[in-house]
Amino acid sequence: MSGLSASSNKAVLSHPSRFQGLIVIRIGGNRVRIPNQIRIEFAVTVLALLLFPGTFRTLFASNEALVEGAKREGEIVFYASMNLGEANILIAEFEKRYPFVKVKLNRTGSEKLLSKVLTEARAKKLFADVIQTVEFSMHIFNRSGVLARYTAQADALYPKNFKEAGYWTTVYYNPYVVAYNTRLVPPRLVPKSYDDLLDPKWKGKMMMEGTKADWFAGVLQIMGRERGLQYMHNLAKQQPVLREGHELLAQLVAAGEGLLDINIPASSVDRMKEKGAPIDWTALGAAPAVMVGIGLSSQAAHPNAAKLFIDFALSRDGQKIQQGFGRLVARADLVTEQPAALKEIKMVPLNPALAEKLGEYTQQLRTIFGS
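Quick caveat: nothing in here was measured; it's all calculated off a predicted structure. The numbering scheme is per chain: residues are counted from 1 as the chain's sequence reads. For this predicted model, a pLDDT threshold of at least 70 governs which residues receive local features, and a threshold of 80 or more governs which side-chain atom pairs are given and counted, while totals over whole chains, interfaces and linings are taken from all residues. As a rule here, side-chain values come from all non-hydrogen atoms in the structure, and water together with hydrogens is ignored.

*Asks:* Mind laying out the pattern of salt bridges, listing which residues take part and the relevant values?
*Replies:* Here, a salt bridge means any Lys or Arg side-chain nitrogen found within 4 Å of an Asp or Glu carboxyl oxygen. Scanning the model with the defined rule gives 18 salt bridges in all. A salt bridge links aspartate 317 to arginine 97; the nearest nitrogen and oxygen atoms lie 2.5 Å apart. Here the residue aspartate 317 occupies a position in helix 11 (residues 316–324), and arginine 97 occupies one in helix 3 (residues 84–97), the gap between them amounting to 220 residues. Each of Arg316, Lys320, Arg331, Asp333 and Glu337 takes part in salt bridges that share partners, so that together they form one network. We count a stretch as a helix when DSSP gives it H or I for four or more residues in a row; a strand needs E for two or more, and each element gets its number in order from the N terminus.

*Asks:* Account for the confidence of the model for the protein, with residues named and values stated.
*Replies:* Residue-level confidence of the predictor is what pLDDT reports, using numbers from 0 through 100. Summarising the model, the protein shows a mean pLDDT of 86, and 83% of its residues fall at 70 or more. Counting contacts from residues 1–30, a segment whose pLDDT is below 50, to residues more than four positions away or on other chains yields 62 contacts. By the convention used here, residues are in contact when the closest approach between their heavy atoms is within 4.5 Å. In this model residues 32–41 is a low-confidence stretch, pLDDT under 50, and it forms 30 contacts with partners more than four residues away in sequence or in other chains.

*Asks:* Pulling in residues and values, what's your account of the packing of helix 7 (residues 225–236) against helix 13 (residues 358–369)?
*Replies:* Helix-helix packing is characterised by the crossing angle of the two axes and by the distance between the axes. Two numbers describe how helix 7 lies on helix 13: the axes approach to 9 Å, and their chain directions differ by 35°. Across from Arg225, Leu229, Met232, His233, Leu235 and Ala236 in helix 7, the residues of helix 13 making contact are Glu360, Gln364, Ile368 and Phe369. To get an axis, fit a line to the C-alpha atoms, keeping to the stretch in contact for a helix; angles then go from 0 to 180 degrees between the N-to-C directions.

*Asks:* I'd like a rundown of the nonpolar core, residues and numbers included.
*Replies:* General note: in soluble globular proteins, nonpolar side chains tend to be found buried as a group. One finds Ile131, Phe141 and Phe309 to be the most contacted residues of the largest nonpolar core, which totals 112 residues. In terms of residue count, the dominant contributor to this core is strand 10 (residues 168–181) (nine residues). Those residues in contact with isoleucine 131 that sit more than four places away from it in its chain are Tyr79, Leu113, Val117, Leu126, Met138, Phe141, Val146, Leu147, Gly293, Ile294, Gly295 and Ser297. As used here, the term nonpolar core means buried Ala, Val, Leu, Ile, Met, Phe, Trp, Tyr and Cys residues forming a set that is joined through side-chain atoms within 4.5 Å. Here's how the labels work: a residue is buried when its accessible area is under 20% of the maximum for its type, exposed when over 50%, partly exposed in between, all with a 1.4 Å probe on protein chains only.

*Asks:* Before we move on, could you go through the packing of aromatic side chains and cite the residues and values that matter?
*Replies:* By convention, a stacked pair of Phe, Tyr or Trp rings (six-membered ring in the case of Trp) has centres within 6.5 Å and planes under 30 degrees apart, an edge-to-face pair has planes over 60 apart, and any other such pair is tilted. As enumerated under the stated definition, the model contains eight aromatic pairs in all. Judged by centre distance (5.0 Å) and plane angle (75°), the rings of phenylalanine 94 and phenylalanine 309 are edge-to-face. Placement of the pair is phenylalanine 94 in helix 3 and phenylalanine 309 in helix 10 (residues 303–314), with a sequence separation of 215 residues. Summarising the aromatic geometry, the rings of phenylalanine 94 and phenylalanine 312 are spaced 5.8 Å apart at their centres and angled 55° between planes, so their arrangement reads as tilted.

*Asks:* Could you give an account of the environment of asparagine 263, with specific residues and numbers?
*Replies:* As for its position among the elements, asparagine 263 is in strand 13 (residues 260–265). Accessibility expressed as a relative area gives 0% for asparagine 263, which makes it buried. On a C-alpha basis, the gap between asparagine 263 and glycine 210 in space is 9.0 Å, while along the polypeptide they are 53 residues apart. In this structure asparagine 263 touches Tyr176, Val177, Met208, Glu209, Lys212, Trp215 and His246, once residues within four positions along its chain are discounted.

*Asks:* Can you tell me about unusual backbone geometry, naming the residues and giving the values?
*Replies:* Non-glycine residue lysine 124 carries a positive phi angle of around 55°. Mapped onto the elements, lysine 124 comes out in the loop between helix 4 (110–122) and strand 7 (130–134). Residue lysine 124 is classed as exposed on the basis of its relative accessible area, which comes to 68%. Despite not being glycine, glutamine 239 shows a phi value in the positive range, around 55°. For glutamine 239, the position within the fold is in the loop between helix 7 and strand 12 (241–243). Note on glutamine 239: relative accessible area 47%, which makes it partly exposed.

*Asks:* I'd like to hear about the environment of asparagine 83, residue by residue, with values.
*Replies:* Considering the arrangement of structural elements, one finds asparagine 83 in the loop between strand 5 (75–80) and helix 3. Taking the C-alpha atoms as reference points, asparagine 83 and arginine 107, separated by 24 residues in sequence, lie 8.3 Å from one another. Not counting the four nearest positions on each side in its chain, asparagine 83 is found in contact with Glu247, Arg271 and Arg327.

*Asks:* Outline the pairing of strand 11 (residues 206–209), supporting the account with residue identities and numerical values.
*Replies:* Neither face of strand 11 is left uncovered, since the one carrying Met206 and Met208 and the one carrying Met207 and Glu209 both have all their residues buried. Any two strands between which DSSP finds at least two bridges are classified as paired. Across two bridges, strand 11 lies against strand 13 in parallel orientation. Considered in strand 13, the bridge of methionine 207 is made with aspartate 261. Pairing analysis gives three bridges linking strand 11 to strand 12, with the strands arranged parallel. Counterpart to methionine 208 in the pairing with strand 12 is leucine 242.

*Asks:* Explain the packing of helix 3 against helix 10 to me, and be specific about the residues and the numbers.
*Replies:* Where helix 3 meets helix 10, the axes come as close as 11 Å, and the angle between the chain directions of the two elements is 115°. For the element pair helix 3 and helix 10, the recorded crossing hand is right-handed. Counting all contacts with helix 3, which are made through Leu90, Ile91, Glu93, Phe94 and Arg97, the residues of helix 10 involved are Ala305, Leu308, Phe309 and Phe312. In terms of residue class, the contact of helix 3 with helix 10 is made up of seven nonpolar, no polar and two charged. Handedness of a crossing follows from how the near helix is turned relative to the far one, being left-handed for an anticlockwise turn of less than a right angle and right-handed for a clockwise one. Following the grouping adopted for this structure description, the nonpolar residues are Ala, Val, Leu, Ile, Met, Phe, Trp, Tyr, Cys and Pro, the charged ones are Asp, Glu, Lys and Arg, and the polar ones are all others, Gly among them.

Listed below in structure tokens is the structure:
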């Protein structure tokens with residue numbers, strides 16, 4: 001890639017090693033620095049738009065067609081597992097931009113949403129136009145024919161390991177961390193490794209969400225199957241108290257009902273912390289990162305409006321909204337603008353293909369922890 005240039009448009013792609021893991025594109029007198037990790041996809045997109053201005057016209061025409069179609073349809077049905085308050089903010093911003101489309105939200109937890117969508121799809125009465133939920137479910141929906149093929153306008157700005165190309169793309173992703181009560185757990189006792197949770201002093205004083213098969217799979221992905229299963233058996237001997245719901249668990253830890261919550265998304269803790277609650281989080285080394293994707297229903301009654309909504313959610317403005325919630329986003333031109341604390345975590349994105357063993361992971365989780 002070194003030395004690639006387009007002199008007629010005054011665009012130059014510099015060698016990445018010169019800028020400590022950043023690749024630099026010079027456009028006129030300006031320099032745009034892009035992280036090395038996503039340099040190829042982002043750089044190719046930028047150069048293509050510079051060298052082939054007809055691309056702009058094509059994108060504009062495509063968007064105009066979606067807008068006209070959306071005006072005729074007038075609404076979309078949005079199935080989502082994301083936080084209710086955050087979903088309403090995203091919807092409000094979309095409707096502000098496209099006031100001729102009303103979004104009907106059907107929000108439920110990820111496990112219930114998976115069951116609901118598959119039941120409706122089998123009966124050929126799937127009411128959703130757009131579906132947004134965790135990657136395991138999105139992978140299953142893709143394999144089951146629930147999702148229609150649609151390539152979002154911003155697709156090239158999302159790395160390959162954050163999407164199943166043409167079907168769903170990551171809206172945001174979350175690392176699973178350990179929450180702790182800052183009044184009851186002094187800094188010197190805060191766990192720093194997975195093995196620290198096996199210390200006898202935590203027995204009966206930890207909480208966990210007992211339905212999170214994706215967290216279970218993620219830990220096994222990091223540790224390896226044999227070691228991971230042995231770790232889970234040892235963790236179960238610590239008798240963690242099982243509850244359901246990230247927000248509830250964050251509240252319980254902040255109230256001192258449990259000293260720790262061992263499998264909670266960092267953003268759930270941050271929301272409580274911002275309200276002044278005595279709660280914080282720590283990562284235990286490599287943290288499983290769960291992606292939350294968005295895609296088009298194969299039975300969408302309002303396909304144009306649905307595509308418009310997906311494009312908005314994945315646009316720069318839509319992704320900035322997610323960052324405002326403290327979420328991590330995969331969009332290339334925003335990857336350097338993540339929350340400082342989250343950037344320090346060594347995150348391991350969960351492999352969507354592990355969803356093929358979802359039933360096995362769910363059963364193992366229930367058997368080991370009695371959930």
